[in-house]
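The primary structure of each chain is shown beneath.
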Amino acid sequence: MTPSPVVKSFWDEPTGSWQYVFHDPRTLKGAIVDPVLDFDPLAAATRTHNADAIIAYVREAGIEITHILDTHPHADHFSAAPYIKSKIGGTTAIGEHVTKVQKLWQDIYNLPDLPTDGAQWDVLYADGDAFLVGDIPVQVIFSPGHTLASITYVAGDAAFVHDTFMMPDSGTSRADFPGGSSADLYESLMRILSLPDETRLYVGHDYAPDGREAQCCATVAEHKARNIHLKGAPTEAEYRAVRDERDATLPLPKLMLAALQVNIRGGRLPEAEENGRSYLKIPLNHFEPR
């Protein structure tokens, strides 16, 4: 029988992001997936409300956090992994191809001194790697397309699929960021859909279309039957035509140029300057307006 972790979801409405804590009910060992560091773009101010809510839940439930897992360097929010580690410990991790994302954005931001070896995380996972959270086996699936570095964590009968799938009524995630590929995304989606039908897929975002409440989970079987981009088993060419046409109409995420320079540092703000203050860089005229 496939082990089944307890999953607690946390919703960040300003960015439409889902964050997760999953744990082994026997050992009470757990992991945090994609925690959000709050950022007010008008004030350029960071806060820790989301992370503190996760920490409070973990402490109240008596969960020992062994891992803090990023699925990829996010374009729509800052990662709170370093902050949470400083409060409750845990091994920080991301996929090994993050080094490619670091090199790509190092050039965009002109950050010649940025380390691009992934040393900002404790562990870099490769496709097929496995580890335990308590008695729950976790397998890593390299799942690029949305970014060069995206990975999925399959923890027992739960899979944290980040920005590959959306909820079935929203389809799938965009693939037009630097390093993105609708062809790679299609392959990643098909690989995830090969998991057992009862596998719970926990998504990274939901924008609650038609005014419904935000949702975070649907099974593989439900995506096969109802996902608006995947039902009817489209070919790669058919899927890519729909995905690429849709992506061409989408504006860049509002926080992308702020978030990536933090997230390629593992969720750390740029090093403070001589006045003790950190500064974000914005690359002017690198991207075409949409």
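This text goes with the structure placed above it.
Everything quoted here is computed from the prediction, not taken from an experiment. (Residues numbered from 1 in each chain as written. Predicted model: local features only at pLDDT ≥ 70, side-chain atom pairs only at ≥ 80, totals over all residues. Heavy atoms only, no water.)

Novice: Provide a residue-level description of the overall build of the protein, including the pertinent values.
Specialist: Summing up its helical and strand segments, the protein has seven helices and 15 strands in all. Its C-alpha radius of gyration of 18 Å places the protein within 12% of the 19 Å reference for a compact globule of 290 residues. For the protein, the C-alpha atoms occupy an extent of roughly 55 × 45 × 35 Å along the three principal directions. Long-range contacts, defined here as pairs at least 24 residues apart, represent 67% of the contacts in the protein between residues at least 6 apart. Counting only carbon and sulfur atoms, one obtains 51% of the accessible surface of the protein, whose full area is about 13100 Å². Taking the average place of the 25 positive charges on the side chains of the protein and the average place of its 40 negative ones, the gap between the two points comes to 2 Å. (Helix = DSSP H or I, 4+ residues; strand = E, 2+ residues; numbered from the N terminus. Rg over C-alpha atoms; globule rule 2.2 N^0.38 Å. Contact = heavy atoms within 4.5 Å. Areas by Shrake-Rupley, 256 points an atom, 1.4 Å probe, with all protein chains shown as cover. Lys, Arg positive; Asp, Glu negative; His and termini not counted. Charge placed at Lys NZ, Arg CZ, Asp CG, Glu CD.)

Novice: Run through the packing of aromatic side chains, naming residues and quoting values.
Specialist: The final tally for this structure, using the stated rule, is 13 aromatic pairs. Residues Phe10 and Tyr57 carry aromatic rings whose centres are separated by 5.6 Å and whose planes lie at 65° to one another, so their mutual orientation is edge-to-face. Taken together, the residues span a long stretch of sequence, with Phe10 in strand E1 (residues 6-12) and Tyr57 in helix H1 (residues 49-61) at a distance of 47 residues. Judged by relative accessible area, which is 12%, Phe10 ranks as buried. Overall, the relative accessible area of 21% leaves Tyr57 in the partly exposed class. Arranged with centres 4.7 Å apart and planes meeting at 5°, the rings of Tyr125 and Phe131 form a pair that is stacked. (Phe/Tyr/Trp six-rings, centres within 6.5 Å; stacked < 30°, edge-to-face > 60°. Buried < 20%, exposed > 50% of the residue type's maximum accessible area, 1.4 Å probe, protein only.)

Novice: Kindly report on the sheet that holds strand E14 (residues 200-203), identifying the contributing residues and their values.
Specialist: The six strands are arranged E10-E11-E12-E13-E14-E15 in an open sheet whose pairing can be described as mixed. A strand with exactly one partner marks an edge of an open sheet, and here the two such strands are strand E10 (130-133) and strand E15 (217-219). Strand-to-strand twist of the sheet, defined as the mean angle between neighbouring strand axes without regard to direction, takes the value 25°. Sheet topology places strand E12 (residues 151-155) next to strand E13 (residues 158-162); three bridges connect them, and they run antiparallel. Across the sheet, the residue bridging to Ala155 is Ala158, located in E13. (Pairing = 2+ DSSP bridges. Axes fitted to C-alpha atoms, helices over the stretch in contact; angles between N-to-C directions.)

Novice: Before we move on, can you summarise the packing of H1 against helix H2 (residues 81-88) with the specific residues and values?
Specialist: When two helices pack together, their arrangement is given by the angle between the helix axes and the distance between those axes. At a minimum axis separation of 10 Å, H1 and H2 run at an interaxial angle of 35°. Relative to H2, H1 is oriented so that their crossing is right-handed. Mapping the contact onto sequence places Ala51, Asp52, Ile55, Val58 and Arg59 in H1 and Tyr83, Ile84, Lys87 and Ile88 in H2. Across the contact of H1 with H2, the residue classes tally to six nonpolar, no polar and three charged. (Left-handed = near helix turned anticlockwise from the far one by under 90°. Nonpolar A, V, L, I, M, F, W, Y, C, P; charged D, E, K, R; others polar.)

Novice: Can you tell me about the nonpolar core, naming the residues and giving the values?
Specialist: When a protein is soluble and globular, its nonpolar side chains tend to lie buried together. Counting residues in each nonpolar core, the largest one holds 39 residues, and the members touching the most others are Phe22, Leu69, Tyr153 and Phe165. If you list the elements that add at least two residues to this core, you get strand E2 (17-23), strand E3 (29-33), E10, strand E11 (136-142), E12, E13, helix H4 (182-193) and E14. With residues near it in sequence (within four places) discarded, Phe22 still touches Pro5, Val6, Val7, Lys29, Gly30, Ala31, Val33, Leu69, Val133, Val138, Ala155 and Phe160. Counting residues in each nonpolar core, the second largest holds 20 residues, with Val21, Ile32, Ile54 and Ile84 among its members. (Core = buried A, V, L, I, M, F, W, Y, C linked by side-chain atoms within 4.5 Å.)

Novice: Quick rundown of H4? Include the residues and the values.
Specialist: With twelve residues, H4 extends 16 Å between its outermost C-alpha atoms, agreeing within 8% with the 16 Å of an ideal straight helix rising 1.5 Å per residue. Those residues of H4 that sit buried are Ser182, Ala183, Leu185, Tyr186, Ser188, Leu189, Ile192 and Leu193. Those residues of H4 that are buried lie in contact with E11, E12, E13, E14, helix H5 (220-226) and helix H6 (236-247). Two or three places before Ala183, at the opening of H4, Ser181 has a side-chain oxygen 3.3 Å from that residue's backbone nitrogen. (Expected span 1.5 Å × (residues − 1). Polar contact = N/O pair within 3.5 Å; in protein donor to acceptor, adjacent residues only side chain to side chain.)

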